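What follows is each chain in one-letter form.
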Amino acid sequence: MSVYLVVSIVLCYVVWIKCIYYRHRRTLVKSLKHLMNGSTSKETNGADIRALIVTAHPDDECMFFAPTIIRLVELNASVHLLCLSEGNYYNQGAQRKQELLNSCAVLGIPDSRIIIVDHKRLPDDPKTDWSVSLVSSMIVKHMRTQSFNMVLTFDGSGVSGHANHIAIHKAVSHLASSGQVPNDCCLLSLETVGLLRKYISFLELPFSWLLPSCLCCIIGSQGYRQAKDAMFCHRTQLLWFRYLYITLSRYMFVNTFQVIPKGPKNLKIY
Ligand SMILES: [Zn+2]
């Protein structure tokens, strides 16, 4: 009797996840439109979204942001990547740069929309605190040249707690609070979730769906295969625990974001 009960509960849970997946496909455009203050009468097909993903290292784009990139590309959004280091911690920068380009090609970002920064003050190193002013100046310079209306990056915990991820969040928050971000540009931070939620794979979807967030991007089995193929492009990083990550991490299936609030325009900080 108890076996039947457990099987029924598991089946119901899986059906619930399927329902969330199909419902999400309908609501994603609505959420994006709401975020960008789109007029309710205007049909949004995603083509008017110019999104910039800001990451710290080659592989961040597929380890953490794959569901978002895949969904935005599907909607014909113009998705760009700014990666602030070559990932040279083990002196593999040149190889990792190429791996990043290959991974982005799988995710749907062409080479022409990728900037990889190689700056001596921004090393790939969890023990080095990146300068917030340097990072923010690089981001704002890039934002202005392309007129992005959406910038997505890490939150204050950096998903993995890496100091370089956190430095990017601080830089984007600084831009937001000091009024250096155009009115039509929304800033989003990728939510860090606790260990239990992080490593229960797609079973985490109901939590992401039910808990409040400003944007929720979910991919199904086809998108997951694409994210996995992108991960496999990072051959230098494919250690045994990466295979576990690919199988168990909810970031391979879902991303949830919160808005980074903007301060008053042209605020001077002394
Ligand atoms: Zn990273």
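Above this note sits the structure.
Rules behind the numbers
- Residues numbered from 1 in each chain as written.
- Predicted model: local features only at pLDDT ≥ 70, side-chain atom pairs only at ≥ 80, totals over all residues.
- Core = buried A, V, L, I, M, F, W, Y, C linked by C-beta atoms within 7 Å.
- Buried ≥ 20, exposed ≤ 12 C-beta atoms within 10 Å, placed from the backbone.
- Helix = DSSP H or I, 4+ residues; strand = E, 2+ residues; numbered from the N terminus.
- Contact = placed C-beta atoms within 7 Å.
- Axes fitted to C-alpha atoms, helices over the stretch in contact; angles between N-to-C directions.
- Parallel < 35°, antiparallel > 145°, perpendicular 65-115°, else oblique.
- Nonpolar A, V, L, I, M, F, W, Y, C, P; charged D, E, K, R; others polar.

## Considerations on the nonpolar core
Moving on, step 1. The biggest cluster of nonpolar side chains holds 68 residues, and the ones touching the most others in it are Ala51 and Val172.
Moving on, step 2. When residues of this core are assigned to their parent elements, the largest contribution, 7 residues, is made by helix α7 (residues 163–177).
Moving on, step 3. Setting aside chain neighbours within four positions, we find alanine 51 in contact with Leu72, Ala77, Val79, His80, Phe148, Met150 and Leu152.

## A look at the packing of helix α4 (residues 93–107) against helix α10 (residues 221–232)
Pairs of packed helices are described in terms of their axes, by the angle between the two and the distance that separates them.
Moving on, step 1. For the pair α4 and α10, interaxial distance at closest approach is 8 Å and the crossing angle is 170 degrees. Looking at the two axes, α4 sits roughly antiparallel to α10. Contact with α4, carried on its side by Ser103, Val106 and Leu107, involves Gln226, Asp229 and Ala230 of α10 and no other residues of that element.
Moving on, step 2. Classifying every residue of the contact of α4 with α10 gives 3 nonpolar, 2 polar and 1 charged.

## Side note on the environment of glutamine 92
Moving on, step 1. Residue position: glutamine 92 is located in the loop between β2 (78–83) and α4.
Moving on, step 2. With 144 residues separating them along the chain, glutamine 92 and threonine 236 place their C-alpha atoms 8.0 Å apart.
Moving on, step 3. Setting aside its immediate chain neighbours within four residues, glutamine 92 contacts Gly87 and Thr236.

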